[in-house]
Number of protein chains: 2
Amino acid sequence: MRDAAENNASNGIFGPDRSVEIEKWLVRKQMALLGNPPITLVLWNGSKIASIGGKSVGTVSIRDRTTFFKLFVHPELYFGEAYSDGTLEVEGDLVALLETIARIRSTASENGLLNNNLMKIISRPKLNSLVGSRDNIHHHYDIGNEFYRLWLDEKMQYTCAYFSSPSATLEEAQIAKMEHVCKKLRLSPGDTVAEAGCGWGSLALHMARHYGVRVKAYNISHEQVLYARERAKSEGLDDRVEYIEDDYRNLSGRFDAFVSVGMLEHVGPDNYQELGKVIQRSLKEEGRGLIHSIGRNRAKPINPWIERHIFPGAYMPTLREMMELFESSGFSILDVENLRLHYARTLGCWLERFERAHEQIGNMFDQKFIRSWRLYLAGSAAAFTSGDLQLFQVVFTNPTNNDLPWSRAHLYTNNSR
Amino acid sequence: MRDAAENNASNGIFGPDRSVEIEKWLVRKQMALLGNPPITLVLWNGSKIASIGGKSVGTVSIRDRTTFFKLFVHPELYFGEAYSDGTLEVEGDLVALLETIARIRSTASENGLLNNNLMKIISRPKLNSLVGSRDNIHHHYDIGNEFYRLWLDEKMQYTCAYFSSPSATLEEAQIAKMEHVCKKLRLSPGDTVAEAGCGWGSLALHMARHYGVRVKAYNISHEQVLYARERAKSEGLDDRVEYIEDDYRNLSGRFDAFVSVGMLEHVGPDNYQELGKVIQRSLKEEGRGLIHSIGRNRAKPINPWIERHIFPGAYMPTLREMMELFESSGFSILDVENLRLHYARTLGCWLERFERAHEQIGNMFDQKFIRSWRLYLAGSAAAFTSGDLQLFQVVFTNPTNNDLPWSRAHLYTNNSR
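Quick caveat, the model's predicted, so the values are computed rather than measured. (Residues numbered from 1 in each chain as written. Chains lettered and ligands numbered in written order. Predicted model: local features only at pLDDT ≥ 70, side-chain atom pairs only at ≥ 80, totals over all residues.)

**Quick word on the confidence of the model for chain A**
All names here are of chain A.
So, point 1. The pLDDT averaged across chain A works out to 87; a share of 88% of its residues lies at or above 70.
So, point 2. Under a pLDDT of 50 for its full length, residues 1–16 has, in the predicted model, 22 contacts with residues more than four places off or in other chains.
So, point 3. Residue range residues 112–125 is modelled with pLDDT below 50. Its contacts to residues more than four positions away, or to other chains, number 22 contacts.
So, point 4. Scored by ipTM, the complex comes to 0.89, with pTM at 0.89. (pLDDT = per-residue confidence, 0-100. Contact = placed C-beta atoms within 7 Å.)

**Remarks on helix 10 (residues 202–211) of chain B**
Residue and element names in this part refer to chain B.
So, point 1. Across the 10 residues of helix 10, eight count as buried, placing the element largely inside the fold.
So, point 2. Every buried residue of helix 10 is listed here: S202, L203, A204, L205, H206, M207, A208 and Y211.
So, point 3. Close packing links the buried residues of helix 10 with helix 9 (170–185), strand 5 (192–196), strand 6 (214–219), helix 11 (222–234), strand 7 (241–245) and strand 8 (255–261).
So, point 4. Positive backbone phi, at 60°, marks G212, one or two positions downstream of helix 10. (Buried ≥ 20, exposed ≤ 12 C-beta atoms within 10 Å, placed from the backbone. Helix = DSSP H or I, 4+ residues; strand = E, 2+ residues; numbered from the N terminus.)

**Some words on the relation of the copies chain B and chain A**
So, point 1. Of the two same-sequence chains, chain B is brought onto chain A (RMSD 0.0 Å, axial shift 0.0 Å) by a rotation of 180°. Such a combination of rotation and displacement between the chain copies is what one expects of a two-fold axis. (Least-squares fit on C-alpha atoms with pLDDT ≥ 70 in both.)

**Quick notes on the interface of chain B and chain A**
So, point 1. Taken together, the contact pairs 34 residues of chain B with 34 residues of chain A.
So, point 2. Listed by contribution, the elements that provide at least two residues to the side of chain B that touches chain A are helix 5 (94–110), helix 14 (319–328) and strand 10 (332–338) of chain B.
So, point 3. At seven residues, the largest contribution of residues to the side of chain B that touches chain A is made by strand 10 of chain B.
So, point 4. For the side of chain B that touches chain A, the class distribution of residues is 14 nonpolar, 12 polar and eight charged.
So, point 5. Across three bridges, the pairing between strand 10 (residues 332–338) of chain A and strand 10 of chain B is antiparallel. Bridge pairing in strand 10 of chain B links A:V336 to B:V336. (Nonpolar A, V, L, I, M, F, W, Y, C, P; charged D, E, K, R; others polar. Pairing = 2+ DSSP bridges.)

**So, the sheet that holds strand 1 (residues 39–42) of chain A**
Residue and element names in this part refer to chain A.
So, point 1. Across the sheet, four strands lie side by side as 2-1-3-4; this open sheet has mixed pairing. Looking at strand neighbours, the two that pair on one side only are strand 2 (48–49) and strand 4 (88–92), the edges of this open sheet.
So, point 2. Pairing geometry for strand 3 (residues 58–62) and strand 4, over five bridges, is antiparallel. Within the sheet, the bridge partner assigned to S61 lies in strand 4 and is E89.

**Topic: the packing of helix 3 (residues 65–73) of chain A against helix 4 (residues 75–85) of chain A**
All names here are of chain A.
So, point 1. Between helix 3 and helix 4, the least distance of the axes is 6 Å, while the angle of their chain directions is 150°. It follows from the interaxial angle that helix 3 and helix 4 lie roughly antiparallel. At the point where helix 3 passes helix 4, the crossing takes the left-handed sense. Mapping the contact onto sequence places T67, K70 and L71 in helix 3 and P75, Y78, F79 and A82 in helix 4. (Axes fitted to C-alpha atoms, helices over the stretch in contact; angles between N-to-C directions. Parallel < 35°, antiparallel > 145°, perpendicular 65-115°, else oblique. Left-handed = near helix turned anticlockwise from the far one by under 90°.)

**Notes on the packing of helix 12 (residues 272–282) of chain A against helix 14 (residues 319–328) of chain A**
Residues and elements named next belong to chain A.
So, point 1. Contact geometry of helix 12 with helix 14 gives a least axis separation of 8 Å together with a crossing angle of 40°. Overall, the two elements helix 12 and helix 14 adopt an arrangement that is oblique. With respect to the hand of their crossing, helix 12 and helix 14 are arranged in right-handed fashion. In this structure, helix 12 contributes Y272, Q273, L275 and G276 to the contact, and helix 14 contributes E324, L325, F326 and S328.
So, point 2. For the contact of helix 12 with helix 14, the residue count by class is four nonpolar, three polar and one charged.

**Describing the environment of A:I310**
All names here are of chain A.
So, point 1. With respect to the secondary-structure elements, I310 resides in the loop between helix 13 (304–309) and helix 14.
So, point 2. In this structure the C-alpha to C-alpha distance between I310 and Y376, which are 66 residues apart in sequence, comes to 7.6 Å.
So, point 3. Apart from the residues lying within four places of it in its own chain, the contact partners of I310 are H140 and Y376.

**Description of unusual backbone geometry**
So, point 1. Non-glycine residue A:M156 carries a positive phi angle of around 60°.
So, point 2. Following the sequence through the fold, A:M156 ends up in the loop between helix 8 (145–149) and helix 9 (170–185).

Printed below as a string of structure tokens:
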């Protein structure tokens, strides 16, 4: 009520009332501490705090005093909360502005300005037990295939694409990603493949069609499995690709290859050893494995707003943390590739399509949902561009497997596909 | 004295006296525990213990009872001691036999049959302080350039070569290794490069000649630095390559690239953070780094005989342990490649040349030295073939550097060189 009254009391951009002088002082202090980022702030009464130096990548308007103080207390959480409910508005390039903020926070965090320990407690991810995982995955992936179809590529891949040529379209880059994964796994006709976390099933179909392998693909998202089965049937591949609605921990059989694209983020570090054991018992002596996952340079909890509203239970590990999975099972790492900028571009494509489908999405969801998803996509793009997030593809094998290629040149030869 | 008397008392291979029955029983028990490896044992009295199943990769003869019991107490140490002083002899393919033993030990260690904790205490590496490092490096690298010249490639590279084609010679593969490293570092004319642990200087010369860069190369081996300076002068590159006889911790200046090939093994995990800081302060904003090091799948101390006689202070880290260096400084890992089988082949080439130069080496050193080095080269080849050791090339950069290639295809394009 007070906030609304104050909003009404504000008059013009250059005529702030006295009541916000303390807030302005706070903002200047905070901005100086953060190295004076090129961002313009506008308070609820219209009072404007320009960036030092004049240049500005965008304007952040804070609509009320409550939001202002919440942002001071826990910006990682309340920036998202405020943006999605509209009490915070951004003018200018959202990705560029978020990238600026991400770079600042990264520097500030290194300088010890931000209390990461407190954040770790606040943002501890939800446990990924067998039941917890189902809830967490349902939250994000079962909100409707129709929604995802509006802004993903035509094969519905919701993971980092591979832009082997800078001019590639998203469609081409998603196919290139599947090819890159298949080549890294050195698939041969007749091979059996286990896939953990198969999304809408496109990689399994690609492997079966183009590499002549048999795939057992696991996923706990009901909507995705239904969609994938339908597709396998309509493409005549349901004799070679089996989609199983079950947890990766229940994987059975022995395979020539194990692959998991974009699932590790949902596994949680406490379960890496167990995942390692699952892969170990599933992989033949000369088997190859690939894990594709978002990661970090330094251990840090996931953004608490993302954890609360977008990806409950998610955690992006460092390579060191990922090694818990491989070393505990004695696997040998053959190849690690960081595709960070590929994910920035992928997210840029998704955001562009998301904005183009604005009207259709508006018929399905409310404005708060749309604003949340815009922020999530833009914020993720910014996180990859600024170096806050990484994308690791890790290829591994059994320690005694000597059936290894002498070079990785085979990944870069063109084939007819 | 007692052993010698017993040796004299032995008569014929199939006529053992009663006195070794307990030893034979012990061997059978131990062999069964290790899964009955295909190795034939001959005791000091001629008594032969054939491998179960009949097939044998080689024969190990133990010359006296003292050696026999030492081998039971601490095989990792006393196999080497006994082989080098001739109280243990091997007939058959030494590498194949050692590989068999390595595989057995690896399995036994996983099954908890071997007391690794005890071994860790026994074989704690010597500390690599500034002074300690000099002593440790002097021990191995200053035993004479003439000796190394007899069995290394013509450019004197004492690190894993890169056999990009299976038919490559050692000379070709060592040049290919330097090319591979340079391409990974994306060197451009005019770049400045810091090299830590430069050996006899060949990589620095290669970079300067073929990539037009300026190199500051550090090494604490006096003999190697003298040799490298001489070479730079005779090749007319001493205006572009500076060899500095100093510890990597004293590295000064800022560079476009940092490279270290085969030094991390001598750094020791306690110093990884410090090395990370040295690199951090030395690398420009868009700088690239490469560390090439022997590693392991699982943490384990170095073989105690190797530590005592060949590489004092050495330690082969897992990728996870290496991450201590990168994560503590916030570096972003771009690429990891495992060249394990390349090192097995490199060592095979060295061993072959070593044996060919047997006579010349015999004029320089005594038999004990020759046997030690034969065992070290053969044992290392076996360790890479069996999967006990790995070779990691890690490419990294500053976390905010967005000047990154879209793919690694440039590593696999042929150039005129």
